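# Residue-level structure breakdown
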Amino acid sequence: MEKPARKLASNKKQQQVREWIIERLLFSSAIVSVFTTLAILGILLFEAVDFFKQVSILEFFTETRWTPLFEPQYFGVLPLVWGTVMVTIISLAVAVPFGLGSAIFLSEYAPERLRKTVKPVLEILAGVPTVVYGYFALTFVTPWLQNFFPQLIVFNALSAGLVMGVMIIPMVSSLSEDAMLAVPQSFREGAYALGARKHEVALRIVVPSAFSGIVASFILAISRAVGETMIVSMAAGSTPNLTLNPLESIQTMTGYIAQISLGEAAAGSLEYRTIFSVGLTLFLMVLMINLIGQWLAKRYWKRY
Amino acid sequence: MVSDVKIDVRGLNVWFGSNHVLKNIKIGFKPNAVTAVMGPSGCGKTTLIRAINRLNELIVGSRTTGEIFIDEENIYSKETSVFELRRRVGMVFQKPNPFPKSIYDNVAFGPRIHGVSDDEELQSTVERGLREAALWGEVHDRLQDSALDLSGGQQQRLVIARALAVNPEILLMDEPCSALDPMATAKIEALMRKLAEKYTVIIVTHNMQQAARVSDYTMFMYLGEVVEYGITKSVFENPQSELTEKYITGEFG
Amino acid sequence: MVSQRLGGKNGVFRQVKGSIVYVLCLAAVLVSLFSLAVILFDAIQDGIPWLNLQFITSFPSRFPAQAGILAALWGSIWVVGLTALFSFPLGVGAAIYLEEYAPQNWLTSFIRLNIANLAGVPSIVYGILGLGLFVQALALGRSILAGALVMTLLILPVIIIASQEAVRSVPKAYREGAYALGATKWQVTQGVVLPQAFPGMLTGTILALSRAIGEAAPMIAIAALVFVRFVPTGPLDRFTVMPIQIYNWVNLPQAEFRGLAAAGILVLLVVLIGMNSIAILIRNRYQKRAR
């Protein structure tokens, strides 16, 4: 008997080739991200290595003066790091209470319709360009604060920190709210059934259950604050200053990088290379914050 | 040797991860007939029919050994084009899943991807599919409407039309009526009997009355194995296996 | 035994505490909303006197009365336009690869990890990358092209994540139906997944681009030159963007330039509101259609 024709056999080699090409193209789009990370690390390390040939790592991390543009030149990055930290702390002092308070209100107290209206409006705060915040800090907040602190200089850490705090409120509030909304209603009902009041349910049941998400929101807010450039450039000042006084002028890592980029430092010079050593420090700091955040999130994550 | 078996399953084993779902299945499905596959939840009915159009391969962690011969070609051999296989073996799902497109574009999707681009040919193919699925009369004047506007029963017939449009030989139906009301169910049951004149129909069903009404042969499965197979009337009136009898009398479902 | 009185012994105390908590949380929301209002009102109040047709059609100048935002406006349009051209296909392509094609191996996990991390990298670091790679190593100079490339890399993670969401929201049933008809992976993607996911991808991209238009930090590192008195005519021209122009005006000593900065802010906000509205319109329109 004749063998039946191979009806199911593939004669569409062409189609196979086309599929393969398409997959390779899509893959190369995805690999751009890896390329970006490698490029960032590469550029930062490449120039920073040259920098550290001339400035010892010890000096970089322990010297308390940063004056690369003046004589005598000191290359201690601590003032810049501290400037960043101080502004971040101030911004968290604003964002955490207002963000968390808003989140609790929207998820536990507000009726559904109100929540649906208010949440996107709060999100607008995150969408306002940072130059607008910088403008606001410099032209409104600082003069206003000078009513209370006459010794406040035009450029200071406090104004920048407060305004940055307002900017990152939605980060804390939205993510915390999402985390709280994800807590099953059955938990709340169990607490109510025991005679708990609304604020007790919110603070003793919901917030602890949503802790992992709330912490994640804090971490996101911190890393955003650390990396922010415009507000601090416009309002915090350009004087690296290791001080505990927020009313003074300081400079953050980001502010410094912006200043040098706008300036006249010659490519290849030591001053130019400070962009990359400070940039590397900034990058590593943000990376560390994100890793801590992931570790914390895993540790406190509750499965429902 | 002339075979009167359209689909010959030989020693089929399927694992999902470490879960051995189908155990050494050996069965032959007759052509131009309706075969019902029955059994309690989790017995592997859906996995078995999805093995016939190799749709199990979409699931990550699935592993299949054994062979299935359609007209004496092993569909699991390396030379087989799985896309051509799926053209020849159509499938209707438990919940109707028309694409979010127009009625016309739903039925035309299959022919288009298999290379039909001539407008006239497409139109006649779409009409033929819809007629065969007993839906043409209800939709012929609104082919551009969204398929999602149709009722559940109409959507399921649309899915059947979609499968028929690519000229299959076999139709796999996974509990096609379980999401439908009794009237829609009756229409589809009538359609199944008609389709069996031209195609080989395999239906998975939980509903024994439906199997009795519609199918020529019935296969009963339990925990991944074939327990019984035969002409529907005999299986129901004179089950050979105790398990089959228990299922029929409703001791477990 | 449970106390018979409602609320128990400390009922009043707990009630007061509850009211305090409620008021504090409400205050948090109100203060936040109020801050937003104050910021916008401040910009409007300062900027309206300076916002007129002449402002939009003039170049910056030493004389406040003659200065305008034309160069920066066009620079922004050029940069965002090119960025859209590069970032949309790359972002959509990467999302499709990750959701439909990528195998479960270490490389895929590494790519996903990268994208998540890059979303958190400070924008000025992207500026440094652009400076070292595009401006110098690839010798593109301080051009619009270099700026657009940097912006693309900056917003790419955002577009990818939004597009992934859009692809994931396509029900499995549609894909299964298409595969069951014998479609190849690309036919399923192109015929069923992409049409469904497209509005979500488009919305995500427009939102990402609207963030890009307000970004100053990476552009500062690339463009640097802050006094631009011409409209760009090609991708290799030098340029400035609106945020940089605003920043520049704020730093000038004369008080009038503050007003100009505020007017620039208003123009920027109008463009932003426009882009966001388009994105929301698209999202709403397609959410009604697809059921």
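Preceding block: the structure.
Quantities reported herein were computed from a predicted structural model and do not represent experimental measurements.

Here the focus is the overall build of chain A. What chain A contains, in helices and strands, is 12 helices and 0 strands. Secondary structure elements of chain A occur, N-terminal to C-terminal, as α-α-α-α-α-α-α-α-α-α-α-α. At 26 Å, chain A has a C-alpha radius of gyration far larger than the 19 Å of a compact globule built from 304 residues. Projecting the C-alpha coordinates of chain A onto the three principal axes gives extents of approximately 100 × 65 × 35 Å. Approximately 14100 Å² of chain A is accessible, and the part contributed by carbon and sulfur atoms is 66%. When the 23 positive and 19 negative side-chain charges of chain A are each reduced to one mean point, those points stand 16 Å apart.

A separate point is the interface of chain C and chain A. On the side of chain A, 71 residues touch chain C, which itself brings 70 residues to the contact. Taken together, both faces of the contact between chain C and chain A bury some 6400 Å²; the carbon and sulfur share is 77%. At the junction of chain C with chain A, the criterion picks out 0 salt bridges. Where chain C touches chain A, the interface holds 5 residue pairs in polar contact (both at pLDDT 80 or more). Sort the elements by how many residues they give to the side of chain C that touches chain A and helix α1 (residues 11-47) of chain C lands first, with 20 residues. Tallied by class, the residues present in the side of chain C that touches chain A amount to 49 nonpolar, 15 polar and 6 charged.

The subject of this paragraph is the sheet that holds strand β2 (residues 19-29) of chain B. Residue and element names in this part refer to chain B. Taken in spatial order, the 4 strands make up an open sheet running β2-β1-β4-β5, and their pairing is antiparallel. The open sheet is flanked by β2 and β5 (73-74), the only strands paired with a single partner. Summarising the sheet, strand β4 (residues 62-70) and β5 pair through 2 bridges and their orientation is antiparallel. By the bridge assignment for β5, Phe 69 is matched with Asn 74. Against the sheet, helix α1 (residues 45-52) touches β1 (7-16), β2 and β4, its axis set at about 65° to β2.

On to unusual backbone geometry, then. The step from A:Glu71 to A:Pro72 runs through a cis peptide bond, and the omega angle for that step is -5°. In this structure, A:Pro72 sits in the loop between α2 (57-62) and α3 (78-109). Of note, the phi angle at B:Asn32 is positive, near 50°, even though the residue is not glycine. Here B:Asn32 lies in the loop between β2 and β3 (34-38).

The interface of chain C with chain B comprises 18 residues on the first partner and 24 residues on the second. Overall, the association of chain C and chain B removes approximately 1800 Å² of surface from exposure, summing both partners, and the carbon and sulfur fraction of that is 65%. Here chain C is connected to chain B by 1 salt bridge. Residues B:Arg50 and C:Glu176 are paired through a salt bridge, measuring 2.9 Å at the closest nitrogen-oxygen approach. In this assembly, chain C and chain B are joined by 5 residue pairs in polar contact (both at pLDDT 80 or more). Breaking the side of chain C that touches chain B down by element, the ones donating at least two residues are α7 (172-180) and α8 (185-213) of chain C. Sort the elements by how many residues they give to the side of chain C that touches chain B and α7(C) lands first, with 7 residues. Looking at side-chain class alone, the side of chain C that touches chain B contains 9 nonpolar, 7 polar and 2 charged residues.

Calculation rules
- Residues numbered from 1 in each chain as written.
- Chains lettered and ligands numbered in written order.
- Predicted model: local features only at pLDDT ≥ 70, side-chain atom pairs only at ≥ 80, totals over all residues.
- Heavy atoms only, no water.
- Helix = DSSP H or I, 4+ residues; strand = E, 2+ residues; numbered from the N terminus.
- Rg over C-alpha atoms; globule rule 2.2 N^0.38 Å.
- Areas by Shrake-Rupley, 256 points an atom, 1.4 Å probe, with all protein chains shown as cover.
- Lys, Arg positive; Asp, Glu negative; His and termini not counted.
- Charge placed at Lys NZ, Arg CZ, Asp CG, Glu CD.
- Contact = heavy atoms within 4.5 Å.
- Buried area = accessible area lost by both parts, 1.4 Å probe.
- Salt bridge = Lys/Arg side-chain N within 4 Å of Asp/Glu carboxyl O.
- Polar contact = N/O pair within 3.5 Å; in protein donor to acceptor, adjacent residues only side chain to side chain.
- Nonpolar A, V, L, I, M, F, W, Y, C, P; charged D, E, K, R; others polar.
- Pairing = 2+ DSSP bridges.
- Axes fitted to C-alpha atoms, helices over the stretch in contact; angles between N-to-C directions.

Nothing here speaks to function; it is all geometry.
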